[in-house]
Amino acid sequence: MNLTPPPSLAEAPRRRLKLHALAALFLMFFGFGASLIISRHVFERLPHLEDEFAYLYQAKIFAGGRVWIDRGDDPAKYFWQPFLLQVKAPDGEYQRQFSKYPPGWSLVLMTGVWLGLPALINAFLAMLNVGLTYRLGREIFDPITGLVAALLLAISPMALLINATLMSHTWAMSCVIVFTYAYWRTTRHGQGRFRWAILGGLMLGLLAATRPLTAVAMAMPTAIHALSRLYALSQKPNSLSPHQPQAASQPGLKPQLAVMFTFALATLPTTGLYPLYNLITTGDARTNTYTLLWKYDTVGFGEGYGLNKGGHSLSYGWRNARRDLTEWFRDLYGVTLDKSIAGYMQASFGWGAGVGLSWVPLLVGLFFGRRKGWVWFFFLYLVFIVGSGLLYWIGSVVNGAAAYSVRYYFEATFAVCLVSAYGITAWARALQRNPDESGGRLEKLWNRVYPIYFWLLVACAASLIGYTPARLREPLPPDWPNGLWRYNKAGMNQIAAIDALRGDQPAVILILNSKAPGFRDNWRDYAAPLAYTDPYLKSDIIVVRVYELDEVPPIAQRFLGRTVLYQIGEHLYRSLDEAETQVNMP
């Protein structure tokens, strides 16, 4: 008996899969290109936040084959960088310099340092995240849902912004997606479940070695899901539920226990990178390096946690969450209300109401997926990452604005896109006209995409063209009228000013203090050359903060063969005599 289906039936699924895959591939390359374009034209491929400086500097240290820098006889303060620790070596001298952050992201960013383009790493990861979101949605739900989720992630203003920075969040999201996909595969029958468990555990460990609190939050939905499955299997060893049509494809209790044990065990090697880093840099694996810079910079409630009077509290955490969610609903998809309507909502419904409408597709997804376990699984990612933020003393909104969007919630973005996509596709099916009605090919196609998918594409285009460019240049308090363009003063204009004075010669910039009333040294005045400075002092531009005039001659002598320039505040000087006049100015 010939069981081969007719060619038309056999080829149709392949054609549909190919079309979805091509569309997803296009979105992946869109994410890659958009990241590089924004990093070039908005951020000028420079760090703008102190966090980025620390990540990049540590990546450069790793790229040179070391974990920390020994400054020898030089005071470490000469080569200070934002959020760089200067810790006593065993002999008691202040010599060791390294980043306060866990090593996970800097180890990945190290590849970009080797390639000479650190921005390339987040661009690649942005592309990977879009593709993996499509794959996850396609396998758990259906290809259209996966494609819509990939579209939402690709055009998200928040994702476009963060992917163009040197922050760790894009990499952290990659860890979460791979970890989630691996866990999904462990719930299926097959010989590869243990391999997927190992991969998933390793990725969760890498997340813990990058953003520990985020790792705890992102592990919770899986823990709840796994425990509920194990309980169900213990009750009915041969199936999860008699009402689940896929129960026959599920592994039994003992195999699933073995898989989960493998999953947990596989987290240890990569999670161990964090205590190993602490041991090498500080001599104690249990050190919280955050507190070596600021003693109050830790998770928890009460006195000594954060800067608020009386310490951090749940009420402060909820205040931060309300502010962050207001910005998150705006930046997630870039679809907003008119400001006058938003003002009315804030006056009528209170603090927390805003212009953003990103909650609409999320609610639609929860409504249509209310009986779908995996929809609630992905929604829990948002719940737990918001919940974890309540434990920390500061949110994404600082000085009245979220300059880098709601970055503390970013790792859950792919999951929210999947929930939203499920709602959009379910809504589209509910409103879809009869596909079998008479008419030409174009008419049938129109009936399939109208009205939901048509207006989805219109909304995405409006977000890309209207919202995102304005968001990137939106004035930021207290005094950044051009938004993220040269935010914190970091810009290539600072490098151009140095190049105009040094010509083709490598340069060392000696930062001096002024005795003028009210003068205060600010790293922003030399942010770009700081970013160019190599920990091993091999870069064309090196920044040295000497401050005192009597320290200048021996430092300048160390850099023979380089053009020596002097900087006070924002101003560069060719000679010490020129600079000395400004230093002594009353």
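Preceding this section is the structure that the text describes.
Residues numbered from 1 in each chain as written. Predicted model: local features only at pLDDT ≥ 70, side-chain atom pairs only at ≥ 80, totals over all residues. Heavy atoms only, no water.

**Some thoughts on the pairing of strand β4 (residues 507–512)**
Working note: regular strand, side chains alternate between the two faces of the sheet.
Part 1 of the argument: Along β4, six of the six residues are buried, which leaves the element largely enclosed by surrounding structure.
Part 2 of the argument: Pairing analysis gives six bridges linking β4 to strand β5 (residues 541–547), with the strands arranged parallel. Across the sheet, residue I509 finds its bridge partner in β5, namely V543.
Part 3 of the argument: In this fold, β4 hands off to helix α21 (residues 527–532), which returns the chain to β5; that crossover is right-handed. (Buried < 20%, exposed > 50% of the residue type's maximum accessible area, 1.4 Å probe, protein only. Helix = DSSP H or I, 4+ residues; strand = E, 2+ residues; numbered from the N terminus. Pairing = 2+ DSSP bridges. Right-handed = clockwise from strand over helix to strand, strands pointing away.)

**Notes on the environment of A462**
Part 1 of the argument: Its place among the elements puts A462 in helix α19 (residues 452–472).
Part 2 of the argument: By relative accessible area, A462 is classed as partly exposed at 46%.
Part 3 of the argument: A sequence separation of 128 residues divides A462 from G334, and the C-alpha atoms of the two residues are 8.3 Å apart.

**A closer look at the pattern of salt bridges**
Part 1 of the argument: Taken as a whole, this structure holds 14 salt bridges when the rule is applied.
Part 2 of the argument: A salt bridge links E44 to R486; its shortest N-O distance comes to 3.1 Å. Taken together, the positions of E44 in the loop between α1 (7–41) and α2 (50–63) and R486 in the loop between α19 and α20 (492–502) put the pair 442 residues apart, joining distant regions of the chain.
Part 3 of the argument: Between R211 and E411 there is a salt bridge whose closest N-O contact spans 3.7 Å. In this pair, R211 sits in the loop between α8 (193–208) and α9 (212–235) while E411 sits in the loop between α16 (373–389) and α17 (413–431), placing the two residues 200 residues apart along the sequence.
Part 4 of the argument: With a relative accessible area of 14%, R211 lands in the buried category.
Part 5 of the argument: One connected set of salt bridges, linked through shared partners, spans E327, R330 and E474. (Salt bridge = Lys/Arg side-chain N within 4 Å of Asp/Glu carboxyl O.)

**What to know about the environment of L204**
Part 1 of the argument: Within the fold, L204 resides in helix α8.
Part 2 of the argument: Sequence-distant contacts of L204, defined by excluding residues within four places in its chain, comprise F179, A215, A219 and T267. (Contact = heavy atoms within 4.5 Å.)

**What to know about helix α15 (residues 359–368)**
Part 1 of the argument: Of all the residues in α15, the buried ones are P361, L362, V364, G365 and L366.
Part 2 of the argument: Where α15 is buried, its residues meet α13 (314–331), α16 and α17.

**Regarding the sheet that holds β4**
Part 1 of the argument: If you trace the four strands from one edge of the open sheet to the other, you get β5-β4-β6-β7, paired in mixed fashion. One side of each edge strand has no neighbouring strand; the edge strands of this open sheet are β5 and β7 (571–573). Direction aside, the axes of adjacent strands within the sheet are offset by 30° on average. (Axes fitted to C-alpha atoms, helices over the stretch in contact; angles between N-to-C directions.)

**A few points about α17**
Part 1 of the argument: For α17, with 19 residues, the first-to-last C-alpha span of 27 Å sits near the 27 Å given by 1.5 Å per residue.
Part 2 of the argument: When you tally the buried positions in α17, you get 15 out of 19 residues, the bulk of the element. (Expected span 1.5 Å × (residues − 1).)

**Quick word on the packing of aromatic side chains**
Part 1 of the argument: Inspection of every chain in the model, using the stated rule, returns 33 aromatic pairs.
Part 2 of the argument: Consider the rings of F83 and W294, whose centres lie 5.3 Å apart with planes at 85°: the pair is edge-to-face. Note that F83 is positioned in the loop between β1 (69–70) and β2 (84–88) and W294 in the loop between α12 (290–293) and α13, a separation of 211 residues in sequence.
Part 3 of the argument: Summarising the aromatic geometry, the rings of F454 and W455 are spaced 5.0 Å apart at their centres and angled 80° between planes, so their arrangement reads as edge-to-face.
Part 4 of the argument: Through a chain of ring-to-ring contacts, the aromatic side chains of F141, F179, Y183, W184, F263, W374, F377, F378, Y381, F414 and Y422 assemble into a single cluster.
Part 5 of the argument: Over the ring of W184 we find R188, and its NZ or CZ is 4.4 Å from the ring centre.
Part 6 of the argument: In this structure, R370 is placed above the aromatic ring of F367, and the distance from its NZ or CZ to the ring centre is 4.5 Å. (Phe/Tyr/Trp six-rings, centres within 6.5 Å; stacked < 30°, edge-to-face > 60°. Lys NZ or Arg CZ within 6 Å of the ring centre and 35° of its normal.)

Note that all results are geometric; they support no functional claim without further evidence.
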